[in-house]
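# Breakdown of the fold
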Number of protein chains: 2
Amino acid sequence: METGNKTTGVRVRIVLTPDVALGPGKADLLEGIAESGSIAAAGRRMKMSYKRAWMLVEEMNRVFREPLVLSARGGSKGGSAQLTPTGQTVLENYRRLQDRVAEAGQGEIGAIRALTRDMSDGK
Amino acid sequence: METGNKTTGVRVRIVLTPDVALGPGKADLLEGIAESGSIAAAGRRMKMSYKRAWMLVEEMNRVFREPLVLSARGGSKGGSAQLTPTGQTVLENYRRLQDRVAEAGQGEIGAIRALTRDMSDGK
DNA sequence: ATTCGATATGTTCGGCCGGGAATATCGCAA
DNA sequence: TTGCGATATTCCCGGCCGAACATATCGAAT
């Protein structure tokens, strides 16, 4: 289905500035916006408050040279949001990064997981 | 110098259980313990309170089948700590994972960074 | 003009996470 | 046997983060 699961596997974060990073959360948010055409809907989908979703979008739009998300107020639907070409590029590259990481690191990840205690056996 | 820098590049976290993960922080802590032979010293080195360092160690020792760190109280130096073979294996695999991720993802990471606004020149 | 739903933004409030201090315990060495 | 330094553990407290409310604003459609 979709990637970037939180409760298992590996998570990748690109540290862009000392206090701004791009990880699974923002990537999923971008994807949700692209699919739903709305910041609010994307936020609801991942059980995130609109305020927080909007703050993440605002943060992303700040750190990149061009905004990743364009939003519009008003209209028949009340408003809308969509990814810019830059936003699509960032999302695509992040998803590809996730895939490559999962593949390139499967040996090490497996080696580490094999040493963990829970699940795998009964309990 | 050393790996696993926090303020730049990419960070990898292996989610082991819904609320326990292995990331750069714990890896650096393991490395510090291996080098200093002390939880307290490793914590000081990375400006982390002893309490927090000890809690992280305790957490790691719990999620893995065998402890990653063995600690001893008393003695001429007051006490000591060292990595078990399992601990060394985990640390080695994590470091190798970091390297592989950095290499395998350099294209995507570069593509994303190239779109950011700040510091792209030397600095 | 009124309605509607989403964007945009401020404010408040509670939880919880981590730091710091305090305390106990251990074992070797002097 | 006393001292030392690190491990082990508890308690308190302030700060920060996010949730939840509360508004304000916009624009197309009715």
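Let me sum up the structure you'll find in this document. (Residues numbered from 1 in each chain as written. Chains lettered and ligands numbered in written order. Predicted model: local features only at pLDDT ≥ 70, side-chain atom pairs only at ≥ 80, totals over all residues. Heavy atoms only, no water.)

## What about the overall build of chain A?
To keep things clear, this is the line we draw: Runs of E in the DSSP output that reach at least two residues are strands. Runs of H or I that reach at least four are helices, and both are numbered from the N terminus. Relative accessibility under 20% of the residue-type maximum defines a buried residue, over 50% an exposed one, and the middle range a partly exposed one, all with a 1.4 Å probe and only protein chains included. Any pair of residues with heavy atoms lying within 4.5 Å of one another is described as a contacting pair. Note that accessible areas follow from Shrake-Rupley with a 1.4 Å probe, and for residues the cover is restricted to the protein chains shown.
Secondary structure summary: chain A contains five helices and four strands in total. Going from N to C terminus, chain A has its helices and strands arranged as β-β-α-α-α-β-β-α-α. When burial is assessed residue by residue, chain A has 43% of its 123 residues classed as buried. For chain A, contacts bridging at least 24 residues in sequence account for 48% of all contacts bridging at least 6. For chain A, the accessible area works out to roughly 6900 Å², and carbon and sulfur atoms hold 51% of it.

## Focus: the interface of chain B and chain A
This is how it is decided: Note: buried area is the sum, over both parts, of the accessible area (probe 1.4 Å) each one loses when the two are combined. Salt bridge criterion: a side-chain nitrogen from Lys or Arg within 4 Å of a carboxyl oxygen from Asp or Glu. Counting of polar contacts relies on pairs of N or O atoms within 3.5 Å, with two restrictions inside protein: one atom must be capable of donating a hydrogen and the other of accepting it, and residues adjacent in sequence are counted only when both atoms are side-chain atoms. Two strands qualify as a pair provided that DSSP identifies no fewer than 2 bridges between them.
The partner chain A presents 39 residues to the 40 residues of chain B that form the contact. Summing both sides of the interface, chain B and chain A together bury roughly 3600 Å²; the carbon and sulfur share of this comes to 61%. Linking chain B with chain A are four salt bridges. Of the charged contacts, one joins Arg96 of chain A and Glu108 of chain B as a salt bridge, the two residues approaching to 3.3 Å between their closest N and O atoms. Put simply, chain B and chain A have 24 residue pairs in polar contact (both at pLDDT 80 or more) between them. Within the residue set of the side of chain B that touches chain A, elements represented by two or more residues are strand S1 (9-17), helix H3 (50-63), helix H4 (85-104) and helix H5 (106-113) of chain B. Here strand S1 (residues 9-17) of chain A runs beside S1 of chain B; their pairing, made up of seven bridges, is antiparallel. Each residue of the ladder has a partner; that of Arg13 of chain A, found in S1 of chain B, is Arg11 of chain B.

## Brief notes about the protein's contact with DNA strand C
To keep things clear, this is the line we draw: Nearness is defined per residue: one heavy atom within 4 Å of the molecule or strand is enough. Throughout, the ten residues Ala, Val, Leu, Ile, Met, Phe, Trp, Tyr, Cys and Pro are labelled nonpolar, Asp, Glu, Lys and Arg are labelled charged, and all others, Gly among them, are labelled polar.
Of all residues adjacent to DNA strand C, which total 21 residues, the nearest are Ile39, Tyr50, Lys51 and Ser71 of chain A together with Lys51 of chain B. Per the 4 Å cut-off to the protein, sugar and phosphate atoms form 64% of the nearby atoms of DNA strand C. Trp54 of chain A is positioned with one of its side-chain polar atoms (N or O) 2.9 Å from a phosphate oxygen of DNA strand C. Between DNA strand C and Ser71 of chain A there is a distance of 2.7 Å, counted from a phosphate oxygen to a side-chain nitrogen or oxygen. Sorting the residues of the surface near DNA strand C by element identifies helix H2 (39-45), helix H3 (50-63), strand S3 (69-73) and strand S4 (79-83) of chain A together with H3 of chain B as the ones contributing at least two each. Here the surface near DNA strand C is built from residues that sort into five nonpolar, ten polar and six charged.

## Structural notes on the packing of helix H1 (residues 24-36) of chain A against helix H4 (residues 85-104) of chain A
All names here are of chain A. Formally: Axis geometry follows a simple rule: fit a line to the C-alpha atoms, using only the stretch in contact for helices, then measure angles between N-to-C directions, giving values from 0 to 180 degrees. For classification, angles of less than 35 degrees are called roughly parallel, those exceeding 145 degrees roughly antiparallel, those between 65 and 115 degrees roughly perpendicular, and all remaining angles oblique. Each crossing gets its handedness from the near helix: less than a right angle anticlockwise from the far helix is left-handed, clockwise is right-handed.
It is at 10 Å that the axes of H1 and H4 come closest, and there the two elements cross at 130°. Taken as axis vectors, H1 and H4 run oblique relative to one another. For the crossing formed where H1 meets H4, the hand is left-handed. Across from Pro24, Ala27, Asp28, Leu30 and Glu31 in H1, the residues of H4 making contact are Gly87, Val90, Leu91, Tyr94 and Arg95. Among the residues making up the contact of H1 with H4, the classes are represented as six nonpolar, one polar and three charged.

## As for the protein's contact with DNA strand D
Taken together, 21 residues lie around DNA strand D, and Gly75 of chain A together with Ile39, Tyr50, Lys51 and Ser71 of chain B are the ones closest in. Near the protein, within 4 Å, the atoms of DNA strand D are sugar or phosphate in 68% of cases. Residue Ser49 of chain A places a side-chain N or O atom 3.4 Å away from a phosphate oxygen belonging to DNA strand D. One nitrogen or oxygen atom from the side chain of Trp54 of chain B is found 2.9 Å from a phosphate oxygen belonging to DNA strand D. Mapped by element, the contributors of at least two residues to the surface near DNA strand D are H3 of chain A together with helix H2 (39-45), H3, strand S3 (69-73) and strand S4 (79-83) of chain B. By residue class, the composition of the surface near DNA strand D is five nonpolar, ten polar and six charged.

## Some remarks on the pairing of S3 of chain B
Residues and elements named next belong to chain B. With five bridges joining them, S3 and S4 adopt antiparallel strand pairing. Considered in S4, the bridge of Leu70 is made with Gln82. Between S3 and S4, which follow one another and run antiparallel, lie five residues, and Gly74 among them has a positive phi close to 75°.

## Remarks on the nonpolar core
Note the following rule: For this analysis, a nonpolar core means a set of buried residues of the types Ala, Val, Leu, Ile, Met, Phe, Trp, Tyr and Cys, connected via side-chain atoms within 4.5 Å.
Counting 60 residues, the largest nonpolar core has Ile33 of chain A together with Ile33 of chain B as its most contacted members. Beyond its immediate stretch of four places on either side in the chain, Ile33 of chain A contacts Ser38, Ile39, Ala42, Val57, Val69, Ala81, Gln82 and Leu83 of chain A.

## Considerations on the pairing of S1 of chain A
As a general feature of sheets, a regular strand has side chains that alternate between the two faces. Residues and elements named next belong to chain A. One ladder, built from three bridges, connects S1 with strand S2 (residues 20-22); its direction is antiparallel. Considered in S2, the bridge of Thr17 is made with Val20. If you look at the hairpin formed by S1 and S2, you'll find two residues sitting between the two strands.

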